[in-house]
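Below are the chains, spelled out letter by letter.
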Amino acid sequence: RDTVRVRAVAFTDLNLALHKPVTASSANGGNTAANITDGSDATRWESEWSETQATVTIDLRQVYRLSRVRIDWEGASAAAYDLLISKDGETWTKANTGTASGAGWTEDDVTGEARYLKIACNTKTLQAYGYSLYEVEVYGTGIVSGVGGIATMQTPDNSIYSLSGQRMDSRSLPAGVYVSGGKKR
């Protein structure tokens, strides 16, 4: 008989954007969009200086119930920005608006289910430069099931993981755990 030990971590404390793919309307030099989800405060994304409005979009790789977004701005921040969410990357809903007055963290509540988060930078704080941010953190909860004290999350490739990140196979799932289409994994 297989034994699986799972350490429960509050899903709301996990940065859902960490190491997820990012696209942007532009990038200046080596300051590419991927830098905003790399977990480092030593790298940043920067839009082209001529761009008056710019966007960065994070693909979270699956739909989550979002709760908040934290943005670490460089000095060339957005005096006004919108947070947009989408399940399909085509139809967008404004989840919140925000303001930054220079370098530092902003935190905004976001409510809704989404796979994609878009930050639409609308107004520059420093007109001579583009927009620039170091990191984006996205928080929320996954679509989870729990039976017998074990919570699981299904990924897009149909792998099953405990909320602590341990990959589980069909032998380690407790009786009665079913996911997606009623198939036991």
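Throughout, a residue's number is its position along its own chain's written sequence, starting from 1. With the structure being a predicted model, the display of local features is reserved for residues of pLDDT at least 70 and the display and counting of side-chain atom pairs for 80 or more, all residues being used for whole-chain, interface and lining totals. Excluded from the side-chain calculation are hydrogens and water; included are all heavy atoms of the structure.

Draft legend 1. Fine view of the pairing of strand S4 (residues 78-86). Type-normalised accessible area, obtained with a 1.4 Å probe on protein chains alone, sets the label of each residue: buried when under 20%, exposed when over 50%, and partly exposed for intermediate values. Where helices and strands are cited, they refer to DSSP runs of H or I of at least four residues and of E of at least two residues respectively, numbered from the N terminus. Buried residues dominate S4, accounting for seven of its nine residues. Across eight bridges, the pairing between S4 and strand S6 (residues 104-124) is antiparallel. Pairing of Ser86 across the sheet is with Tyr116, part of S6. The rule for pairing is simple: two strands pair if DSSP sees at least two bridges between them. Alignment of S4 against strand S5 (residues 93-98), held across five bridges, turns out to be antiparallel. From the neighbouring strand, Asp82 faces S5, where its bridge partner is Thr97. Hairpin connection of S4 to S5: six residues between the antiparallel strands, including Gly89 at a positive phi of 80°.

Draft legend 2. Looking closely at the environment of Trp73. Tracing the sequence through the fold places Trp73 in strand S3 (residues 54-73). The class of Trp73 is buried, set by a relative accessible area of 0%. A sequence separation of 29 residues divides Trp73 from Arg44, and the C-alpha atoms of the two residues are 8.9 Å apart. By the convention used here, residues are in contact when the closest approach between their heavy atoms is within 4.5 Å. What Trp73 contacts, discounting residues up to four positions off in sequence, is Ala78, Tyr81, Ala100, Gly102, Ala103, Gly104, Thr106, Cys121, Ser132, Leu133 and Tyr134. In this structure the side chain of Trp73 is engaged in a polar contact, spanning 3.2 Å, whose partner is the side chain of Thr106. Any N or O atom pair separated by 3.5 Å or less is treated as a polar contact, with the protein-specific requirement of one donor-capable and one acceptor-capable atom, and with residues adjacent in sequence counted only for side-chain atom pairs.

Draft legend 3. Representation of unusual backbone geometry within the structure. For His19, which is not a glycine, the phi torsion comes out positive at approximately 65°. Position of His19 relative to the elements: it lies in the segment before strand S1 (22-24). Using a relative accessible area of 58% as the deciding quantity, one classes His19 as exposed. Here the phi dihedral of Arg61 falls at roughly 75°; this positive angle occurs in a residue that is not glycine. Mapped onto the elements, Arg61 comes out in strand S3.

Draft legend 4. Broad picture of the side chain of Ser77. Residue placement: Ser77 occurs in the loop between S3 and S4. In this structure, Ser77 is in contact with Ala100, Ser101, Gly102, Thr123, Lys124, Thr125 and Tyr131, ignoring residues within four places of it in sequence.

Draft legend 5. Seen up close, the nonpolar core. Here, nonpolar core means buried Ala, Val, Leu, Ile, Met, Phe, Trp, Tyr and Cys residues that are tied together by side-chain atoms lying within 4.5 Å of each other. Residues Leu66, Ile71 and Val136 are the most contacted members of the largest nonpolar core, which totals 29 residues. Residue assignment for this core shows that the elements contributing at least two residues are S3, S4, S6 and strand S7 (132-141). A per-element tally of this core places S3 first, with nine residues. With residues near it in sequence (within four places) discarded, Ile71 still touches Tyr81, Leu83, Gly104, Trp105, Thr106, Ile119, Leu133, Glu135 and Val136.

Draft legend 6. Focus on a nonpolar patch on the surface. A patch consists of residues exposed above 30% relative accessible area that lack any salt bridge, with like charges linked at up to 9 Å and nonpolar side chains (Val, Leu, Ile, Met, Phe, Trp, Tyr) linked at up to 5 Å. To measure how exposed things are, a 1.4 Å probe is used in the Shrake-Rupley method; for residues, cover is taken only from the protein chains shown. We define a salt bridge as a side-chain nitrogen of Lys or Arg found within 4 Å of a carboxyl oxygen belonging to Asp or Glu. On the surface, Trp49, Leu126 and Tyr129 cluster together into a nonpolar patch covering about 300 Å² of accessible area. Checked against the element boundaries, Leu126 lands in the loop between S6 and S7. Taking the relative accessible area as the measure of exposure, Leu126 reaches 37% and is therefore partly exposed.

Draft legend 7. Broad picture of the environment of Lys124. Tracing the sequence through the fold places Lys124 in strand S6. Since its relative accessible area comes to 8%, Lys124 is described here as buried. The sequence separation of Lys124 and Ser101 amounts to 23 residues, and the corresponding C-alpha distance is 9.5 Å. Not counting residues within four places of it along the chain, the set of residues in contact with Lys124 comprises Trp49, Glu51, Thr52, Ser77, Ala79, Tyr129, Gly130 and Tyr131. Within polar-contact distance, the side chain of Lys124 engages the backbone oxygen of Trp49 at 2.7 Å. Side-chain polar atoms of Lys124 contact the backbone oxygen of Glu51, separated by 3.2 Å.

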